[in-house]
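# Overview (structure and organization)
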Amino acid sequence: MAQKTMVQAITDALSLEMERDENVLIFGEDIGMNGGVFRATEGLQEKFGEERVFDTPLAESVIVGASVGLGLAGFRPVPEIQFFGFAFEAMDAIMGQLSRIRYRMGGERFAPVTIRSPYGGGVHTPELHSDSLEGIVAQSPGLRVVIPSNPYDAKGLLISSIRSNDPVIFLEHLKLYRSFRQEVPDGAYTVPLDKAAITREGSDVTVIAYGAMVQESVKAAESLEKQDISVEVIDLRTVAPVDMETIIESVKKTGRVVAVQEAQRQAGVMGSVMSEIAERIFLYLEAPVSRVTAPDTVFPFGQAEEVWLPDAEDIEEKVKEVIDF
Amino acid sequence: MTKKKVGAFDFDSQINTIENNFPMYQVLDEDGNVVNADLMPDLTDDQLVELMERLVWGRTYDQRVTILNRQGQLGNYAPSGGQEASQLASQYALGEGDYLLPTYRDLPPLVQHGMPLKQAFLWYKGYMSGNVFPHEFAAMPAQVIIGAQYIQAAGVALGFKKRNRNNVVMTYIGDGGTSQGDFYEGINFAGAYNSPAIFIVQNNGYGISTPRAKQTKAKTLAQKAVSAGIPGIQVDGMDPLAIYRAVKEARDYALAGNGPVLIETITFRYGPHTMSDDPKRYRENKILEEWEKRDCLIRMRNFLTAKGLWSEEKENEIIEDTKAQIKQAIEEMGKEEPQKISMFLKKMYEEAPQNVQEQIKIYEGKERL
């Protein structure tokens with residue numbers, strides 16, 4: 001066991017799956033000799049050769065389209081989209097094609113593709129590098145959207161995603177890549193898909209989050225604990241489709257919900273989570289199902305990120321509002 | 001137009017030099033005369049007859065399916081009449097195990113590639129089972145998003161190369177499709193890895209109603225290959241022998257490790273874009289009449305009759321046989337079980353997530369009623 005950052009845990013997962021299954025291919029823009037712009041594929045080309053770890057032309061649509069083709073030809077492609085904001089160039093390939101392969105071929109063929117891509121604010125990138133676009137892909141039946149919040153989960157979820165015969169959009173929050181370390185086992189292990197985690201137990205209110213907002217939620221929970229408010233934090237991990245069972249069980253206990261996402265109010269996945277809660281367990285609720293999100297503007301230019309991104313303070317404030325309702 | 005003064009950069013001469021390198025190759029002229037013996041493909045008499053049989057099959061298919069559609073027996077149909085040589089002679093040049101990625105207009109070559117006729121009809125009608133292929137069948141179902149098949153073909157071809165398979169991947173697009181970004185991304189990606197792909201552009205003159213001339217300033221579509229650094233040639237799309245020869249050579253070239261080839265076939269769609277389209281809104285009948293004179297059946301019929309290999313009786317026999325095949329396939333299609341939502345849900349994922357599991361139960365409950 002060693003202390004690892006999330007990006008190291010991701011490299012680990014990729015390396016182990018390359019060793020385990022010769023059909024795994026890693027490719028994308030600058031992922032070979034350069035090891036990717038965040039070094040997530042560092043050393044992999046050297047270790048596994050250019051046949052299995054290769055740079056592609058700068059063209060997101062064909063990166064995903066070719067992944068579909070490679071998947072149908074028996075490979076297990078793990079392409080990288082350099083920043084998820086660039087995925088707009090590949091929207092048909094992702095939502096029009098990859099998501100539908102199994103269904104449209106009657107379940108007889110599939111493309112076991114895991115698209116890895118960084119996203120998320122707080123590191124002052126240029127435009128369209130940080131946007132939270134998970135809600136867009138989350139609306140595609142046939143896809144899974146997985147977003148880890150820590151190094152341990154990142155490794156286990158990525159291994160599960162690569163081994164899955166269904167397509168996964170695996171989004172890696174930029175700020176989490178190197179912001180903290182965690183004990184990460186050396187060997188391969190899996191963290192299940194479609195299963196949320198109870199990051200912190202509590203009894204007064206359920207805070208549901210994913211990605212970098214999990215840490216912010218835990219920070220808020222710690223502060224609220226000192227004020228005698230007990231917060232349960234749920235980390236979705238797979239943000240689409242959502243593990244409603246875990247959420248329902250928690251909310252039945254607490255009766256109060258704050259759904260947190262970094263995405264704008266009109267984006268992300270929480271709108272759907274909230275409506276599921278309201279529809280399924282209305283009579284258990286002590287207060288309106290509430291949320292903390294970014295405002296409905298375009299993702300801001302670098303210097304405005306601090307005021308724009310939701311944080312622990314916003315979550316704390318909303319929890320108090322829900323408690324005092 | 002007077003020639004502009006040439007400055008330091010002779011732009012006009014550059015583009016003219018490129019465009020003049022894309023002549024349209026022909027083996028047979030409109031009357032079936034051999035106009036380029038050097039390009040005559042190496043086909044036996046039996047193969048020539050088989051190729052003609054497929055063209056007649058293709059024409060009969062188009063005519064029958066058009067009628068069946070009008071009778072309401074099939075779903076929407078994108079007619080292929082006029083494009084038989086472009087579709088079926090190109091497919092005829094493929095080898096065992098070669099992979100085909102067709103578009104919604106290319107069901108006839110998909111059937112000739114090995115898909116049962118019944119499945120083509122199931123596809124038109126809107127049954128999932130139209131797309132259920134046995135593992136060994138080297139093809140994708142008909143693609144609807146124009147361009148997607150090109151980037152997927154680039155992926156399958158790269159996979160074949162990595163597996164050292166002695167096979168190529170062939171895909172089709174129309175003239176309008178060459179304006180799509182995926183067209184360029186596909187040919188460029190395949191070229192970058194020297195992958196064994198054959199990219200066919202069936203230039204049938206129109207993207208629904210928009211004429212070829214409005215798609216691009218490029219004089220030919222074949223020349224678009226230049227941008228990807230791959231060979232591009234233009235063949236008479238009504239000449240089955242020229243098409244066969246071009247695809248055969250492209251196949252040999254790709255299998256020798258030289259990478260992909262782009263082939264533009266100059267052809268024409270006799271019918272509407274789909275059965276809900278009315279070509280009278282955008283093209284004059286006399287254009288259709290001109291193209292009908294160039295029909296692939298006329299020239300192959302003349303060519304083979306002169307060689308003593310074809311007769312009217314033979315042609316009628318193929319037509320009747322095709323009609324019988326279609327009748328039988330329609331009957332088989334009628335026996336298909338009604339489709340269920342629970343079945344669709346089960347095909348979404350290998351391991352169903354909660355929402356899908358929950359909905360399977362709900363729909364199965366309703367379906368039992």
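The structure we're discussing is the one just above.
To start, this report covers the structure provided alongside it. Predicted, not measured: the structure shown is a model, and the values here were computed from it.

Cut-offs applied
All chains use their own residue numbering, which begins from 1 and follows the written sequence. Going through the entries in the order they are written, you letter the chains from A and number the ligands from 1. The predicted origin of the model limits local features to residues at a pLDDT of at least 70 and limits the giving and counting of side-chain atom pairs to 80 or more, whereas totals for whole chains, interfaces and linings rest on all residues. Only hydrogens and water are removed before side-chain values are computed, so all heavy atoms of the structure are retained for them. What counts as an axis is a line fitted to C-alpha atoms, over the stretch in contact for a helix, and the angles between N-to-C directions run from 0 to 180 degrees. Helical segments are the DSSP runs of H or I of at least four residues, strand segments are the runs of E of at least two, and each set is numbered from the N terminus. Note on terminology: angles under 35 degrees are roughly parallel, angles over 145 are roughly antiparallel, angles of 65 to 115 are roughly perpendicular, and the others are oblique. Left-handed describes a crossing whose near helix is turned anticlockwise from the far helix by less than a right angle; the clockwise case is right-handed. Throughout, a contact is declared for two residues whenever any of their heavy atoms are within 4.5 Å. Gly falls in the polar group here, along with every residue not listed as nonpolar (Ala, Val, Leu, Ile, Met, Phe, Trp, Tyr, Cys, Pro) or charged (Asp, Glu, Lys, Arg). The definition of a nonpolar core used throughout is a set of buried Ala, Val, Leu, Ile, Met, Phe, Trp, Tyr and Cys residues joined through side-chain atoms within 4.5 Å. For every residue, the accessible area (1.4 Å probe, protein chains only) is compared with the maximum for its type, and the residue is labelled buried under 20%, exposed over 50%, or partly exposed between those bounds. The rule for pairing is simple: two strands pair if DSSP sees at least two bridges between them. The span one expects for a helix is its residue count, reduced by one, times 1.5 Å. By definition, the buried area sums, over both parts, the 1.4 Å-probe accessible area that each loses when the two are put together. Salt bridges are defined by distance alone: a side-chain nitrogen of Lys or Arg within 4 Å of a carboxyl oxygen of Asp or Glu.

What follows is about the packing of helix α1 (residues 6-20) of chain A against helix α7 (residues 151-163) of chain A. Residue and element names in this part refer to chain A. For the pair α1 and α7, the least separation of the axes is 8 Å and the interaxial angle reads 30°. The angle between α1 and α7 places the two elements in the roughly parallel class. Crossing hand, α1 versus α7: right-handed. Contacts between α1 and α7 involve M6, A9, I10, D12, A13, L14, L16, E17 and R20 from the former and P151, A154, K155, L158, I159, I162 and R163 from the latter. Each residue belonging to the contact of α1 with α7 can be placed in one class, and the counts come to 11 nonpolar, no polar and five charged.

A few words now on the nonpolar core. One finds I247 and I277 of chain A together with Y61 and F121 of chain B to be the most contacted residues of the largest nonpolar core, which totals 147 residues. Here this core takes 10 residues from helix α2 (residues 45-70) of chain B, the largest share from any one element. What F121 of chain B contacts, discounting residues up to four positions off in sequence, is Y61, V65, L74, I326, A329, I330 and M333 of chain B. L157, L158, V168 and L174 of chain A belong to the second-largest nonpolar core, a separate cluster that totals 32 residues.

This next bit is on the environment of L16 of chain A. Residues and elements named next belong to chain A. Relative to the assigned elements, L16 resides in helix α1. For L16 and R144, which are 128 residues apart along the polypeptide, the C-alpha to C-alpha distance reads 22 Å. Those residues in contact with L16 that lie beyond four places of it in its chain are K155, D186, G187 and A188.

Moving on to the sheet that holds strand β13 (residues 257-264) of chain A. In a beta sheet, neighbouring strands pair by backbone hydrogen bonds and run either parallel or antiparallel. Residue and element names in this part refer to chain A. Overall, mixed pairing links the five strands, which are arranged β9-β11-β10-β13-β14 in an open sheet. This sheet does not close on itself; its edge strands, each paired only once, are β9 (197-200) and β14 (290-294). The average undirected angle you get between the axes of adjacent strands in this sheet is 25°. In this structure, β13 lies alongside β14, joined through four bridges in parallel fashion. Bridging across to β14, V260 finds its partner in V292. Helix α9 (residues 213-225) contacts β9, β10 (205-209), β11 (231-235) and β13 of the sheet and is inclined by roughly 170° relative to β11.

A few words now on the packing of α2 of chain B against helix α12 (residues 312-334) of chain B. Residues and elements named next belong to chain B. The contact between α2 and α12 brings their axes to 9 Å, and the two run at 50°. The angle between α2 and α12 places the two elements in the oblique class. Handedness of the α2/α12 crossing: right-handed. Each of V49, M52, E53, V56, W57, T60, Y61, R64 and L68 in α2 lies in contact with α12, whose residues at this interface are K314, E315, I318, I319, T322, K323, Q325, I326 and I330.

Moving on, we get to helix α6 (residues 148-162) of chain B. Working note: α-helix, 3.6 residues per turn, so residues spaced by three or four point in the same direction. Residues and elements named next belong to chain B. Over its 15 residues, α6 extends 22 Å from the first C-alpha to the last, a length consistent with the 21 Å expected when each residue adds 1.5 Å. Where burial is concerned, most of α6 is hidden: 14 out of the 15 residues are buried. Immediately beyond the C-terminal end of α6, within one or two residues, lies N164, with a positive phi of roughly 55°.

The next thing to look at is the interface of chain A and chain B. On the side of chain B, 42 residues touch chain A, which itself brings 45 residues to the contact. Together chain A and chain B conceal approximately 3700 Å² of surface at their shared face, both sides included; 55% is due to carbon and sulfur atoms. Considering only the surface of chain A that becomes buried against chain B, Y103, R104 and R109 of chain A emerge as the three largest contributors, covering 19% of it. Linking chain A to chain B there are two salt bridges. E51 of chain A is the salt-bridge partner of K162 of chain B, the closest N and O atoms lying 3.4 Å from each other.

Residues and elements named next belong to chain B. Burial analysis of strand β8 (residues 261-266) places six of its six residues in the buried class, which makes it a mostly covered element. In this structure, strand β4 (residues 197-203) lies alongside β8, joined through six bridges in parallel fashion. Considered in β8, the bridge of I198 is made with V261. Pairing analysis gives five bridges linking strand β7 (residues 232-236) to β8, with the strands arranged parallel. Note on β8: the bridge partner recorded for Q234 is E264.

Let's shift gears to the sheet that holds β4 of chain B. Residues and elements named next belong to chain B. In spatial order, the strands read β1-β7-β8-β4-β3-β2; together these six strands make up an open sheet with parallel pairing. Looking at the sheet topology across the chains shown, the edges are occupied by β1 (24-25) and β2 (99-101). Against the sheet, α6 makes contact with β2, β3 (169-174), β4 and β8, and its axis sits at roughly 170° relative to β3, the strand it touches most. Taken strand by strand, helix α7 (residues 181-192) contacts β3, β4 and β8, and its axis lies near 150° from that of β4.

Note that all results are geometric; they support no functional claim without further evidence.
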